Amino acid sequence: MSALFNRLTAKSPASAVDVVVILVIYFLGYTFLFPALILLIGEVIPGFTEWPYTDVIYHGIMTLVFLFLGRRYLQEKGKVWNLKTLLIVFQGFLAMLFGAALLNILISTLTGLDTSINQQTLIDYFLENSLAVTVQAVIFAPIAEEVVFRGVLFRQLRVNNRVIVPLLVSSMVFAAMHALGAVLMGAWSDLWFIPMYAYMGLVLAVVYERTQNLYAAIAVHLLNNAVSIMAMYSLIN
């Protein structure tokens, strides 16, 4: 364990205000308030929510917001960019891709569920608006989610050589957020996929820890999501 977790020992670069703002914008704003605002605008401007570029513009703006809010983590001193970093990114990508696939097969075998509601909803929306899903999955999610879950939750808790608590909290909250939409719709079956999403969060935290570079975790997240998007494009073609 100590061989893996021996990098992030310095104090977090973000202030308490930074942390609160990021968490509020993501968990309250992005998850609930901003989508509600878009729906409200759609009531005033006919066709606004159906316009295919509304979601693209929205997630483009939110990406810039989280790049700004997470700048202290992204610009943190001590970032490592070398051949070893690239190797860790590649290893993390393979571990995340194949590990999640194996867990998905195991969960499907035990429960009879082919895929999570979260993933199926994404596929269904992709069939309607592939550009919006691509922007959300390949650009927005890797940046925003790494700032929130690895930058804030993992990094802020990773003090005084604590490892287990930051790993569990950041990974489980990351997993819970991926099942939240389905659960709110009453589809409790998505809770079966919590271990798979938590494993993915664990891999991303290890990559961040080993490189002390949030961009490395973003790269792994981006590559993993890009594979999923390419698979969706292959299905519709």
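Each value, and the rule that gives it
- Residues numbered from 1 in each chain as written.
- Predicted model: local features only at pLDDT ≥ 70, side-chain atom pairs only at ≥ 80, totals over all residues.
- Heavy atoms only, no water.
- Helix = DSSP H or I, 4+ residues; strand = E, 2+ residues; numbered from the N terminus.
- Rg over C-alpha atoms; globule rule 2.2 N^0.38 Å.
- Buried < 20%, exposed > 50% of the residue type's maximum accessible area, 1.4 Å probe, protein only.
- Contact = heavy atoms within 4.5 Å.
- Lys, Arg positive; Asp, Glu negative; His and termini not counted.
- Charge placed at Lys NZ, Arg CZ, Asp CG, Glu CD.
- Phe/Tyr/Trp six-rings, centres within 6.5 Å; stacked < 30°, edge-to-face > 60°.
- Lys NZ or Arg CZ within 6 Å of the ring centre and 35° of its normal.
- Axes fitted to C-alpha atoms, helices over the stretch in contact; angles between N-to-C directions.
- Parallel < 35°, antiparallel > 145°, perpendicular 65-115°, else oblique.
- Left-handed = near helix turned anticlockwise from the far one by under 90°.
- Core = buried A, V, L, I, M, F, W, Y, C linked by side-chain atoms within 4.5 Å.

Colleague: Teacher, can you tell me more about the overall build of the protein here?
Modeller: Across its full length, the protein carries 9 helices and 0 strands. Shown N-terminal to C-terminal, the secondary structure of the protein runs as helices and strands in the order α-α-α-α-α-α-α-α-α. Its C-alpha atoms give the protein a radius of gyration of 18 Å, near enough to 18 Å, the size a compact globule of 237 residues would have. When the 237 residues of the protein are sorted by exposure, 44% land in the buried category. In the protein, 82% of the contacts between residues at least 6 apart in sequence involve partners at least 24 apart. Separation between the mean location of the 12 positive side-chain charges and that of the 12 negative ones in the protein comes to 24 Å.

Colleague: Teacher, can you tell me more about the packing of aromatic side chains here?
Modeller: Two numbers describe a pair of aromatic rings. These are the distance of the centres and the angle of the planes. Evaluated as defined, the whole model comprises 12 aromatic pairs. Here Tyr26 and Phe66 contribute two aromatic rings whose centre-to-centre distance is 5.9 Å and whose plane-to-plane angle is 75 degrees, an arrangement assigned as edge-to-face. Taken together, the residues span a long stretch of sequence, with Tyr26 in helix α1 (residues 16-44) and Phe66 in helix α2 (residues 52-69) at a distance of 40 residues. Pair check on accessibility: Tyr26 and Phe66 agree, each one buried. With centroids separated by 4.8 Å and ring planes inclined at 85 degrees, the aromatic side chains of Phe126 and Tyr233 adopt a geometry described as edge-to-face. Of this pair, Phe126 sits in helix α5 (residues 117-128) while Tyr233 sits in helix α9 (residues 214-236), and the two are 107 residues apart along the sequence. Take Phe126: its relative accessible area is 2%, and that puts it in the buried class. Within the aromatic cluster, the residues linked to one another by ring pairs are Tyr26, Phe27, Tyr30, Tyr58, Phe66, Phe140, Phe149 and Phe174. Across from the ring centre of Phe68, 4.1 Å away, lies the NZ or CZ of Arg71, which sits over that ring.

Colleague: I keep staring at the environment of Ile105 and nothing clicks. Help me out?
Modeller: Of note, Ile105 is situated in helix α4 (residues 83-111). The exposure class of Ile105 is exposed, given its relative accessible area of 52%.

Colleague: Whenever I open this one, the packing of helix α7 (residues 164-184) against helix α8 (residues 194-211) confuses me. Can you help?
Modeller: Each pair of packed helices can be described by the angle between their axes along with the distance between the axes. Running from amino to carboxyl end, α7 crosses α8 at an angle of 135 degrees, the nearest separation of the two axes being 8 Å. Taken together, the axes of α7 and α8 lie oblique to each other. By crossing handedness, the relation of α7 to α8 is classed as right-handed. Of the residues in α8, those in contact with Leu167, Ser171, Met172, Phe174, Ala175, Ala176, His178 and Ala179 of α7 are Ile194, Tyr197, Ala198, Met200, Gly201, Leu202, Leu204 and Ala205.

Colleague: Looking at this structure, how should I read the nonpolar core?
Modeller: Across soluble globular proteins, nonpolar side chains have a tendency to be buried as a group. Ranked by size, the top nonpolar core spans 49 residues in total, and within it Ile22, Phe66 and Tyr73 carry the most contacts. If you list the elements that add at least two residues to this core, you get α1, α2, α3 (71-74), α4, α6 (130-157), α7, α8 and α9. Among the elements that take part in this core, α8 stands out by supplying 10 residues, more than any other. Discounting residues that sit within four places of it in the chain, Phe66 has contacts with Ile22, Ile25, Tyr26, Phe140, Ala144, Val147 and Val148. Residues Val133, Ala137, Val138 and Ile229 belong to the second largest nonpolar core, which totals 6 residues.

It is worth stressing that arrangement in space is one thing and function is another; only the former is reported here.
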